[in-house]
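Summary of structural features
One-letter residues, chain by chain:
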Amino acid sequence: MIDPGGSTPSRRCSKWSLLAVEHVLRTRLARKASRALESVAVKTWVIARDESSISPPAYFLPNQLERVTGWIFADEHPRFAMEGGTGTHAATRGFLLKDVWLIDGALYKDDARSWLAPRHNWWWWPRVRVECEIDRGAVFCTASGNKYFGQWLMDDCVTYSMARAEGVPVTTAQTVNIHTSGYEDWLGMKPSRLHNAFFRELVIFDDVGQNRHKHGRFRAMGQQLLSHVKSSPHPGVFIVRGSTGERRLLHNEVEVAEHLRDRRGFRILEPEKADVPTIAATCAGARTVVGVEGSHLIHGILLLPPGGSVLTLHPANRFMPVYKHLTDRDHQHFGFVIGVPDGTGFRVDPVEVERTLDLFPA
């Protein structure tokens with residue numbers, strides 16, 4: 001049931017369920033793993049088929065990859081992804097389930113479970129009562145999107161349009177900051193944020209593949225944001241990470257940013273000090289996005305046109321290749337510079353940054 005004129009679910013009498021408790025006991029005492037939620041779906045359909053594509057090599061200076069000592073969100077050394085080759089992009093699929101419970105950030109159906117929020121500590125004990133019942137909902141959030149802002153904007157928000165078409169668009173009750181609310185306003189998103197609920201019907205999605213369907217939804221988001229600002233082409237934007245998020249401290253970040261401003265005409269953006277209108281106006285029209293690898297870069301990447309370039313700066317012990325998957329999908333160029341360890345952080349040579357920028361197509 002949906003309240004007239006909006007996506008807020010109506011309230012009904014409380015419901016009680018021991019499913020979450022049973023899962024806790026099963027996994028702790030019996031050590032029996034939960035089934036995937038998709039396995040108990042009553043209907044499955046393909047929204048976009050899987051695809052193959054040729055990934056171009058990244059742009060980087062000689063001996064950069066030899067500096068890499070560690071990586072995340074990848075099963076193998078980033079060399080393989082950075083050198084390019086043929087890849088397969090998973091299909092986008094939908095799943096319909098019936099009688100599903102959302103309890104404390106996890107979905108439960110029979111002996112299947114899926115976490116939508118960061119998992120609780122071992123001492124956590126789930127609730128047994130929910131106070132919200134929804135006839136048909138559609139979940140668009142993911143555990144990664146609830147943890148990382150960048151993945152919320154490049155993955156969860158991209159899935160929202162499909163969720164809205166299927167039922168009440170649902171996300172967990174994560175913290176809402178100025179950027180979350182700003183993007184939701186400009187993108188016309190009106191999700192229901194729920195701690196717990198019972199769904200008579202629930203649609204979930206497998207939307208991790210970087211296929212053309214996801215490309216189209218991501219680009220449509222960018223165009224919707226651009227419709228709010230006036231823009232003209234400019235050389236690029238350096239997006240300052242500062243001390244936000246998980247620690248990746250570039251000691252000479254200001255030096256690199258000002259170097260590109262003075263020598264290349266780049267704009268400098270500090271997202272933690274700006275609202276969404278300011279962010280969009282600064283990034284709109286940029287031909288290149290540069291900054292320390294992290295969630296903050298998605299502000300610029302979302303507005304980057306086809307043919308644009310992304311240059312990420314990495315500490316040697318934390319190379320993250322995810323943005324190359326996006327630029328490959330969106331017909332853009334990707335490059336990187338690996339910094340040199342320096343105490344609690346790292347440093348990047350501004351000259352190496354410029355030399356790498358010179359490798360990009362004009």
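Everything here concerns the structure above.
Now for a description of the structure that goes with this document. What you see as residue numbers is a count from 1 along each chain, following the sequence as written. With the structure being a predicted model, the display of local features is reserved for residues of pLDDT at least 70 and the display and counting of side-chain atom pairs for 80 or more, all residues being used for whole-chain, interface and lining totals. No hydrogens and no water enter the side-chain calculation; it runs on all heavy atoms of the structure.

**A closer look at the overall build of the protein**
Only DSSP runs of H or I with at least four residues qualify as helices, and only runs of E with at least two residues qualify as strands; both kinds are numbered from the N terminus onward. The number of helices and strands found in the protein is 11 helices and 18 strands. Here the protein holds 362 residues, and the buried ones make up 53% of them. The contacts in the protein between residues at least 6 apart in sequence include a share of 78% that link residues at least 24 apart. Of the accessible surface of the protein, which amounts to about 16700 Å², a share of 52% is contributed by carbon and sulfur atoms. Partly exposed residues are those whose accessible area sits between 20% and 50% of the maximum for their type, while under 20% is buried and over 50% is exposed, using a 1.4 Å probe and protein chains only. The contact criterion used is simple: two residues touch if any of their non-hydrogen atoms lie within 4.5 Å. Throughout, the Shrake-Rupley method with a 1.4 Å probe supplies accessible areas, and for residues the shown protein chains are the sole cover considered.

**So, helix 7 (residues 253-264)**
With 12 residues, helix 7 should cover 16 Å at 1.5 Å per step; its first-to-last C-alpha distance of 16 Å lies within 8% of that length. Every buried residue of helix 7 is accounted for by Glu253, Val256, Ala257 and Leu260. Relative to the axis of helix 7, the buried residues are bounded by an arc of 100° and lie together on one face. Along helix 7, exposed side chains directed more than 90 degrees from the buried face belong to Val254, Asp262 and Arg263. Tucked into the core, helix 7 has its buried residues touching strand 12 (237-239), strand 13 (267-269), strand 14 (288-292), strand 15 (309-314) and helix 11 (350-357). Among the residues trailing helix 7, glycine 265 stands out with phi positive, at a value near 80°. In a helix, the anticipated span is given by 1.5 Å times the number of residues less one. Regarding the arc, it is the one traced by the directions from the helix axis to the C-beta atoms.

**A few points about the pattern of salt bridges**
We define a salt bridge as a contact between a side-chain nitrogen of Lys or Arg and a carboxyl oxygen of Asp or Glu at a distance within 4 Å. Within this structure, the stated rule accounts for 25 salt bridges. Arginine 193 is the partner of glutamate 184 in a salt bridge, and the nearest nitrogen-oxygen pair spans 2.3 Å. Notably, a salt bridge pairs aspartate 330 with arginine 219, separated by 3.6 Å at the nearest N-O pair. You can see aspartate 330 sitting in the loop between helix 10 (322-329) and strand 16 (333-338) and its partner arginine 219 sitting in helix 6 (residues 212-226), a full 111 residues away along the chain. Side by side, aspartate 330 and arginine 219 carry an identical accessibility label, which is buried.

**Regarding the pairing of strand 9 (residues 168-172)**
The buried count for strand 9 comes to 5 of 5 residues, which makes it a mostly enclosed element. Along strand 9, one buried face is formed by Val168, Val170 and Thr172 and the opposite face, lined by Pro169 and Thr171, is buried too. Strand direction decides the pairing type here: strand 8 (residues 129-139) and strand 9, joined by 3 bridges, are parallel. Its bridge partner lying in strand 9, valine 139 is registered against valine 170. Each pair of strands is called paired provided DSSP finds at least two bridges between the two strands. When strand 9 meets strand 10 (residues 192-194), the two strands line up parallel, connected through 3 bridges.

**Let's talk about the side chain of glutamine 210**
Tracing the backbone through its elements, the reader meets glutamine 210 in the loop between strand 11 (196-206) and helix 6. In terms of polar contacts, glutamine 210 uses its side chain to reach the side chain of arginine 329, at 2.6 Å. Every residue in contact with glutamine 210, bar those within four places of it in the chain, is listed here: His89, His325, Leu326 and Arg329. A 3.5 Å cut-off defines polar contacts: any pair of N or O atoms within that distance qualifies, except that in protein one atom must be a possible hydrogen donor and the other a possible acceptor, and neighbouring residues in sequence count only when both atoms are side-chain atoms.

**Digging into the side chain of asparagine 211**
Mapped onto the elements of the fold, asparagine 211 is located in the loop between strand 11 and helix 6. The residues touching asparagine 211, leaving out its near neighbours within four places in the chain, are Ala48, Arg49, Glu51, His89, Ala90, Ala91, Thr92 and Arg329.

**Considering the sheet that holds strand 14**
With parallel pairing, 5 strands are arranged side by side in an open sheet as 13-12-14-15-16. Single-partner strands in this sheet number two, and they are strand 13 and strand 16. With direction set aside, neighbouring strand axes in the sheet form an average angle of 20°. Note that strand 12 and strand 14 share 2 bridges and pair parallel. Looking at the pairing, phenylalanine 238 lines up with valine 290 of strand 14. Strands in contact with helix 10 are strand 15 and strand 16; relative to strand 16, the strand with the most contacts, it is inclined by about 160°. To define axes, lines are fitted to C-alpha atoms, for helices over the stretch in contact only, and angles between the resulting N-to-C directions are given on a 0 to 180 degree scale.

**Considering the packing of helix 4 (residues 149-166) against helix 5 (residues 178-187)**
Where helix 4 meets helix 5, the closest approach of the two axes is 11 Å, and the angle between their N-to-C directions is 15°. Put simply, helix 4 runs roughly parallel to helix 5. Here helix 4 runs over helix 5; the crossing is right-handed. Of the residues in helix 5, those in contact with Phe149, Trp152 and Leu153 of helix 4 are His179, Thr180, Tyr183 and Glu184. Broken down by class, the residue content of the contact of helix 4 with helix 5 amounts to 4 nonpolar, 2 polar and 1 charged. Orientation is classified from the angle alone, with under 35 degrees giving roughly parallel, over 145 giving roughly antiparallel, 65 to 115 giving roughly perpendicular, and any other angle giving oblique. A clockwise turn of the near helix away from the far one marks a right-handed crossing, whereas an anticlockwise turn of less than a right angle marks a left-handed crossing. Ten residue types, Ala, Val, Leu, Ile, Met, Phe, Trp, Tyr, Cys and Pro, are classed as nonpolar, four, Asp, Glu, Lys and Arg, as charged, and the remainder, Gly among them, as polar.

**Remarks on the environment of isoleucine 268**
Its place among the elements puts isoleucine 268 in strand 13. Once residues within four sequence positions are removed from consideration, isoleucine 268 is found in contact with Phe238, Val240, Ala257, Glu258 and Arg261.

**Details of the nonpolar core**
One finds Leu153, Tyr183, Ile298, Tyr323 and Phe336 to be the most contacted residues of the largest nonpolar core, which totals 54 residues. It is helix 4 that provides the largest number of residues to this core, a total of 9 residues. Beyond its immediate sequence surroundings of up to four residues, tyrosine 183 is in contact with Phe149, Trp152, Leu153, Leu225, Val276, Ile279, His299 and Leu302. Definition of nonpolar core: a set of buried residues of the types Ala, Val, Leu, Ile, Met, Phe, Trp, Tyr and Cys, connected through side-chain atoms within 4.5 Å. Listed in part, the 20 residues of the second largest apolar core include Val100, Leu102, Cys141 and Leu202.

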